[in-house]
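As a plain string of letters, each chain reads:
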Amino acid sequence: MKKLILSLIAITLVLSSASARDIKKFNANWRFARFGAMPDGSVKAEPKNMDEADYDDSDWRQLNLPHDWGIEGPFRYDLPNRTGKLPWAGIGWYRKSFTVDAAAANKRTFIEFDGSMSGTQVWVNGGYVGEWPYGYSSFQLELTHYLKPGEENTIAVRLDNKEESSRWYPGGGIYRNVKLITTEKTYIEHWGVFVTTPEVNDANATVNIKTEINGKGNNLQLVYEVFDGANKVASAKVKADSDCNITLANPTLWDLDNPHLYTLKTNLLEDGKVIDNNESTFGVRTIKYTKDGFFLNGKKTKMNGVCQHHDLGPLGAAINVRAMERQIEILKEFGTNAIRTAHNPPAPEFLDLCDKMGVMVQVEAFDVWQKKKADNDYAHLFGAWHERDLRNMVRRDRNHPCVVMWSTGNEMIELQKIQDAPLALHLRDIVLSEDDTRPTSFGLSRPEALFSGWAKMADVVGINYKPHAYAELREKYPDLPIYASETTSSISSRGEYFFPVSDVQREGVGGQFHVSDYGLYASPNGYPADTEFKAQDEHDFIIGEFVWTGFDYIGEPTPFNKDKTNLLNYADPKERARVKEEMKKLGNKIPPRSSYFGIVDLCGFPKDRYYLYQAKWRPELPMAHILPHWNWEGREGEVTPVFVYTSGDEAELFLNGESLGRKKKAQYEYRLRWNDVTYQPGELKVVSYKNGKEWASDVVKTAGAAAKIALEADRATIDADGEDVSFITVEVCDKKGLMVPKTHNKVTFSISGPAEILAVGNGDPTSFEPYQASERKVFNGMALVIVRSKKGEMGKVKLTAASEGLKATSISLKTE
Ligand code: GAL
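Caption draft 1: Spotlight on the overall build of the protein chain. When helices and strands are tallied, the protein chain shows ten helices and 47 strands. With the C-alpha coordinates of the protein chain rotated into their principal frame, the extents come out at 90 × 60 × 55 Å. For the protein chain, with 816 residues in total, the buried portion stands at 61%. In the form shown here, the protein chain has an accessible surface area of approximately 31200 Å², with 48% of it arising from carbon and sulfur atoms.

Caption draft 2: Representation of the layout of surface pockets in the model. The computed volume of the second largest pocket comes to approximately 1000 Å³. Around the second largest pocket, the lining comprises 39 residues; the ones closest to its centre are Tyr611, His625, Glu731, Met739 and Met782. Breaking the lining of the second largest pocket down by element, the ones donating at least two residues are β32 (624-627), β38 (693-701), β39 (708-713), β41 (725-733) and β45 (782-789). Each residue belonging to the lining of the second largest pocket can be placed in one class, and the counts come to 21 nonpolar, eight polar and ten charged. When residues are assigned to domains, the lining of the second largest pocket turns out to be shared by domain 4 (619-701) and domain 5 (708-815), each giving three or more.

Caption draft 3: Broad picture of helix α2 (residues 348-357). Among the ten residues in α2, eight count as buried, and that is most of the element. Taken residue by residue, α2 has Pro348, Glu349, Phe350, Leu351, Leu353, Cys354, Asp355 and Met357 as its buried positions. Following α2 by one or two positions, Gly358 adopts a phi angle in the positive range, close to 75°.

Caption draft 4: Quick peek at the side chain of His309. Note on placement: His309 falls in the loop between β24 (303-308) and α1 (321-333). Judged by relative accessible area, His309 falls into the buried class, the value being 7%. A distance of 2.9 Å separates a polar side-chain atom of His309 from the backbone oxygen of Ala342. Excluding residues within four positions of it along the chain, His309 makes contact with Trp168, Ala342, His343, Trp548 and Tyr553.

Caption draft 5: Geometry of empty space enclosed by the protein. Counting across every chain of the model gives four cavities of 30 Å³ or more. Reported here for the largest cavity is a volume of approximately 180 Å³. Taken together, 17 residues make up the lining of the largest cavity; nearest its centre are His309, His310, Pro346, Ala347 and Phe350. Where the lining of the largest cavity is concerned, the elements lending two or more residues are α1 and β25 (338-341). Around the second largest cavity, the lining is made up of 14 residues, and of these Leu312, Arg326, Gln327, Leu602 and Phe727 lie nearest the centre.

Each value, and the rule that gives it
- Residues numbered from 1 in each chain as written.
- Predicted model: local features only at pLDDT ≥ 70, side-chain atom pairs only at ≥ 80, totals over all residues.
- Heavy atoms only, no water.
- Helix = DSSP H or I, 4+ residues; strand = E, 2+ residues; numbered from the N terminus.
- Buried < 20%, exposed > 50% of the residue type's maximum accessible area, 1.4 Å probe, protein only.
- Areas by Shrake-Rupley, 256 points an atom, 1.4 Å probe, with all protein chains shown as cover.
- 1 Å grid on protein atoms, 1.4 Å probe; cavity = no way out; pocket = protein on both sides within 12 Å on 5 of 7 lines; lining within 4 Å.
- Points joined across faces, edges and corners; volume = space filled by probe spheres on them.
- Nonpolar A, V, L, I, M, F, W, Y, C, P; charged D, E, K, R; others polar.
- Domains from an automatic or database assignment.
- Polar contact = N/O pair within 3.5 Å; in protein donor to acceptor, adjacent residues only side chain to side chain.
- Contact = heavy atoms within 4.5 Å.

So this is what it looks like as C-alpha cells:
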C-alpha cells in the first residue's frame, strides 16, 4: 500500500451523498420457544420445520432482545453447581417477521450478532444462511440472497446449549444486541477500518488509518475526518487502496485520569459521491511493555486489575449498558485500573465504557484450545473455528484505546502439560496479523509449564497464582515483561464471620455453606490478598495483577463445588470429611450456586476485602474500615478479633471510648489486627494516621432491633428508553437507621408509574429465590432491586418496600 502523509490543515470537504450505510437495531418483537432440556427438568421434543417462513409461531412467547433464558430459572438442585444450578442448557428458537425496502434488491444486507449463546444457526425465508457456534464471538452473516425486498421476511434462529460446555454460568439466548445493516454493493468491510497512532510525541501524533473495501467501484476514494468533540481537527482524502497518515497537532492523550477520545469518520466515495460510511472512536496513547514494567504514555503504571466473568448478577448474561457501567464504577471506586475479560471476548459496549471511563483491558479469547476442560466445551470447535473467532475478536476491538493486551487463552491443558508449543505460536501469529500494536499473552499456572520456559511463546508472560516464584521466574525470563494474570482466589460471603478466627486457610469455611469475610481464606490454588501485595511490592518489575475476581459471578462456588473437577476443595482431610458427611445428609441438595471469589458480591455490595484493595490501590484516598460488624449477642466476653483496613500507616482502635491500642503497619503489612478484643456491645471506633497526622476514621455500632426498611437509588432519574435502569439498595435498619447485620427479612416490592421491576437479588451465593420476582429476603441486611424504564413513557415512579413487622417505605424516581 502507498503511504500518503497529509497535513493537519483541514481540507474543505463537501461530501455529496448517494446513500450510505443503514444500521438498524434488530432487538424488538421476537417470538421465542424452548425445546430439549426444559427449565422444569422435562424434555420437550423439537418439532420439524421451525425454520420455514410459514411455521405457525403465534403461540410462542413475544420478547425483546437481549435475552438470557437461563436467568429466568428456576434454580434446580439437580443442575451442576459450577454452572449456577440454572437451566441455561437446552435448545431455543427465536423467530421474527420483518420487511426491508424494495431498494434493498440492489444492496447488500447483513445481520450482526454481538453474541448469542450458543451454536447459533440462522435461516431467512426457509433458506439456511449460516452459523456461528462460539457463544462469545461477535459475527455477521450476509442475508442478501435470502431476502424478499419490499415484502415480509421471516428470520429463524436456533441456539443449542450443550450441558457440560462451560466451567461457569454461560447464560443462554441471544444475550447481546443484534443489528440489521444495509450497504451498497461496494462497501467498507466489516470491522474494516483500523486506526492506530504509531508516533506520538509532545507536539504531534501520527494517526494511521487502513480501510478494507469489499467490491469494486469506479474511482474509489476515502475521506477521513477526525473530530475532537464537535470540532473537526483534521481531515484527509486518499485513493481507496492507500492507507493514510494524518498528523494531529497537540493531541490530548488517552490516559487513565483523562480518557480523551477522538472520533474518526470514514467516508467511501465512488465518483465523488459517498457510498458508505463508518464511525469509530480512538485514543492517542502509547503503551510499552519492558522487562521492568508497563508504561502508559511513558509513565510506569502498575496494573491493579481484576478478572471478570461476563454475567451481570441478577440480570444474568443479558447485556445492559448501565449495569456494565455500574460494575466498572464500583471496580474503579476500590482502585481497579485494569480488567481481564476472563475467559472470553466481552460485549462491545463493555469496551466502549472502558474507553470512556479510563480502564485498561486485556481481552481474552478462550478458556481451552484443543484439550477440553468440560466434556462439551470449546475444544470441539477449536479446530474449525479458532481462527475465525480470534480474527473477529481482534478486528472488532483493535480500535479501542482501553485494550492494551490480547490473551489467547487461560491455563490451556496443552501448555500446562507442555505438549504443544507450535499451537501457541500459531495463535499469536493470527492475532499479530490483525493487530501488531499490542502484545499477546496467555495465563499459565502449572510450575512445570512456567519453569520449562514455555511461556516464551507469548510477548508478555502471564503467571497465575505464583507470588512466591517471581524472582525465580525473572531468572527464567530475564528479558520478557511479566505480570500476574490471575491472583489470590480469595473467598468470602458478605457479612459472614466465623469464630475462632484462624489464619489457617479454609478454616474460615463455616456453617450454612458460607465463608468468613475476615479476608484470610482462599481456594486451594489461592492465598489472601496480602500475599500478592507483598510479592508485587517486592518485585517492582511485575507489571501488576489481575485478582480472581472483581465481582462474584454465577457458578463455580468453590469451595462447595460438587462437580467432577474440584469436588470439595478442602486441603484439610478432616474438614473435607466433615463437609462430605454434611453433603451426604443433604443428598443432592447442595445449594451454593455462585462464586465466593468476588471483592464485591453478586449485587455489587462490597465485602470487607473491597476496603483492603481500596487501601492499597488508592493510597491517596483517606479511608479506614473496621470489620466485623458489632452485633454479637450471645458472644459477650468472647474473643472477637477486629481488623482495620486503611490507607493510613497507623491506627488506634477504641471500644466504647476505651483505647485498645495504637498499631503501626510493619513493612509489607496491609491490615491492622486487634486479635484479642472481647466483645461487648456498643461502639467501635478507629482513627487512622498517615505520617503521624490524623488521616481517616470509621465507626461501627451495635444496631438495635430491626424496625424499618431504607431504600437508596444510585440514580433517581433514568432515561425513558426502555433500557436504562436504577439500582435500588434495600437495607433493614433499626429505628435509628443503622443497618442490622444478621437479618434475613423477606421484603415485598410494588411499583407504580412508567417503570418495571427487572430483577431482585441479595448477594447470597446459596439463595434459590428467583431473580425475576417482586420479593426478596435481605441477605445480612441488604438486597437489591433493579428498576427499568419503559420505552417512551415519561413520568414519576414510586417503588414501595414492605416487610412483616417493619415500617414500610417508598422511594420516588423519574423517567425522562
Ligand atoms: C483458575 C482458573 C479460573 C478459576 C479459578 C478459581 O485456575 O483460571 O477460571 O477457575 O482458578 O480459583
